[in-house]
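# Notes for the structure review
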Amino acid sequence: MKIPPPDSGLLSLNTATVREKWSLREVIQGCARHGIRGISPWRDKLAEVGAKEAAKLIRDHGLKVTGLCRGGMFPVADRKGRQAALDDNLRAVEEAATLGARCLVLVAGGLPAGSKDLAGAREMVRDGLGELLDRARAAGVPLAIEPLHPMYCADRACINTLAQALDLCDQLDSGKGGALGVAVDVYHIWWDPQLRQGIERAGDKRLLAFHICDWLVPTTDLLNDRGMMGDGVIDLPRIRSWMEAAGYRGFHEVEIFSAKNWWKREPDDVLSVVKRRHQECC
Ligand code: ZN
């Protein structure tokens, strides 16, 4: 069955996609100019103008903040380091609240330096999340755990599948109140044989964000060689249809790290391609 094209009004731009050439101010103006209604800033870009000023700019341009990237990085060997991580996460929650962000995206963190204790790292993620959750709930900021591809397990995220992330949600927020959920980034979990079941299991309460791009063959860099939608092997319309069947009605956020290609192009041209490919390939 042919899947109809997505609602163009649900397109959102993650600032990482044009981060090399545009400031946050320019991204906001660019989105407005191209009729893109969602934006998801990274915190380094946010720091250029501060959360308050950014919130005003974003509002003035009629955009919605589909997520703030990112918090997390929970596993740290010593207590002092864990406290520093928590403090930074609390600042991220505050920034997300100021922006009225749909969620704060969390990347779990990998193994602490020198450690081989993967189970221990995952416990630290659970404990850190638990500590953060009450404060985030009080601030009205949903936390979205983003499972990352297993190739990042050592250094970025030891939460690698939707099932793992949802197990954490069940442990920490059994009431499914909407304060804790997941960010589904196709780049990280498109390969998972349980992807459809995971999306169904999450349901609308826990599907907080949908990040899109494509997986290139071959991929030449683990971090910065993501493809534009349509240039790779991910069946984006199918995954979107699963998201919608599970009740997700949120934005489709384009997040492309691409040192050799898209970061080198004129951002206005990139945004034109993003808009077209969203309609044709997603
Ligand atoms: Zn993502």
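Described in the following lines is the structure provided in the data block.

Quick notes on the rules
- Residues numbered from 1 in each chain as written.
- Predicted model: local features only at pLDDT ≥ 70, side-chain atom pairs only at ≥ 80, totals over all residues.
- Heavy atoms only, no water.
- Pairing = 2+ DSSP bridges.
- Helix = DSSP H or I, 4+ residues; strand = E, 2+ residues; numbered from the N terminus.
- Contact = heavy atoms within 4.5 Å.
- Axes fitted to C-alpha atoms, helices over the stretch in contact; angles between N-to-C directions.
- Phe/Tyr/Trp six-rings, centres within 6.5 Å; stacked < 30°, edge-to-face > 60°.
- Buried < 20%, exposed > 50% of the residue type's maximum accessible area, 1.4 Å probe, protein only.
- Donors = N, O, S within 2.8 Å, 3.2 Å for Na, K, Ca; no water.
- Tetrahedral: all angles 85-135°; square planar, octahedral: opposite > 155°, others 65-115°.
- Salt bridge = Lys/Arg side-chain N within 4 Å of Asp/Glu carboxyl O.
- Parallel < 35°, antiparallel > 145°, perpendicular 65-115°, else oblique.
- Left-handed = near helix turned anticlockwise from the far one by under 90°.
- Disulfide = S-S within 2.5 Å.
- Nonpolar A, V, L, I, M, F, W, Y, C, P; charged D, E, K, R; others polar.

## Brief notes about the sheet that holds strand β3 (residues 64–65)
As a general point, the strands of a sheet are linked pairwise by backbone hydrogen bonds and lie either parallel or antiparallel. With parallel pairing, nine strands are arranged side by side in an open sheet as β3-β2-β1-β9-β8-β7-β6-β5-β4. Each edge of the open sheet carries a strand with a single partner, namely β3 and β4 (68–72). In this sheet, strand β2 (residues 38–40) lies alongside strand β1 (residues 11–14) in parallel orientation, the contact comprising three bridges. The residue bridging Asn14 from the neighbouring strand is Ser40, located in β2. Lying on the sheet, helix α1 (residues 24–34) is in contact with β1 and β2; it crosses β2 at an angle near 160°.

## Details of the packing of aromatic side chains
Applying the stated rule across the entire model yields five aromatic pairs. With 5.9 Å between their ring centres and 85° between their planes, Trp42 and Phe257 make a pair best called edge-to-face. Of this pair, Trp42 sits in the loop between β2 and α2 (43–49) while Phe257 sits in the loop between β9 (252–254) and α10 (267–281), placing them 215 residues apart in sequence. One exposure class covers both Trp42 and Phe257, and it is buried. Measuring from centroid to centroid gives 5.9 Å for Trp190 and Trp215, while their planes differ by 45°, and the two rings are tilted.

## Details of the coordination of the zinc ion
Bound to the zinc ion are the protein donor atoms Glu146 (OE), Asp185 (OD), His211 (ND1) and Glu255 (OE), situated 2.1 to 2.3 Å from the metal. Every donor counted, the four donor atoms about the zinc ion form angles of 86 to 149° at the centre, which fits irregular coordination.

## Digging into the pattern of salt bridges
Scanning all chains against the criterion turns up 20 salt bridges. The partner of Arg137 in a salt bridge is Asp134, with the nearest N and O atoms 3.2 Å apart. In this pair, Arg137 and Asp134 both sit in helix α5 (residues 118–139), three residues apart, roughly one turn of the helix. For Arg137, a relative accessible area of 38% puts it in the partly exposed group. Arg226 is paired through a salt bridge with Asp185; the nearest N and O atoms lie 3.3 Å apart. Pair noted here: Arg226 is in the loop between β8 (207–212) and α9 (236–245) and Asp185 is in strand β7 (residues 180–185), with a separation of 41 residues, a long-range link. Each member of the pair, Arg226 as well as Asp185, carries the same accessibility label: buried.

## Description of unusual backbone geometry
Put simply, Cys69 and Arg70 share a cis peptide bond, and its omega is -10°. Among the secondary structure elements, Arg70 is positioned in strand β4. The residue after Val217, namely Pro218, is reached through a cis peptide bond having omega -5°. Examined against the element boundaries, Pro218 turns out to sit in the loop between β8 and α9. Non-glycine residue Met73 carries a positive phi angle of around 50°.

## Observations concerning the packing of α1 against helix α3 (residues 51–60)
Relative orientation of the contacting elements α1 and α3 amounts to 15°, with a least axis distance of 10 Å. The orientation of α1 with respect to α3, classified from their angle, is roughly parallel. α3 is crossed by α1, and the crossing has right-handed handedness. Residues Leu24, Arg25 and Ile28 of α1 form the contact with α3, whose own contacting residues are Glu53, Ala54, Leu57 and Ile58.

## As for the state of the cysteines
Tallied over the full model, the rule gives zero disulfides. For Cys31, which is in no disulfide, the shortest distance to another cysteine sulfur is to Cys69 and amounts to 14 Å. Its relative accessible area of 0% is what places Cys31 among the buried residues.

## Considering the packing of helix α4 (residues 79–99) against α5
With their axes 10 Å apart at the nearest point, α4 and α5 run at an angle of 35° to one another. Here α4 and α5 pass one another in a crossing that is right-handed. Between α4 and α5, the contacting residues are Arg82, Leu86, Asn89, Leu90, Val93 and Ala97 on the first element and Met124, Glu131, Leu132, Arg135, Ala136 and Ala139 on the second. By residue class, the composition of the contact of α4 with α5 is eight nonpolar, one polar and three charged.

Taken by themselves, the reported measurements are silent on function.
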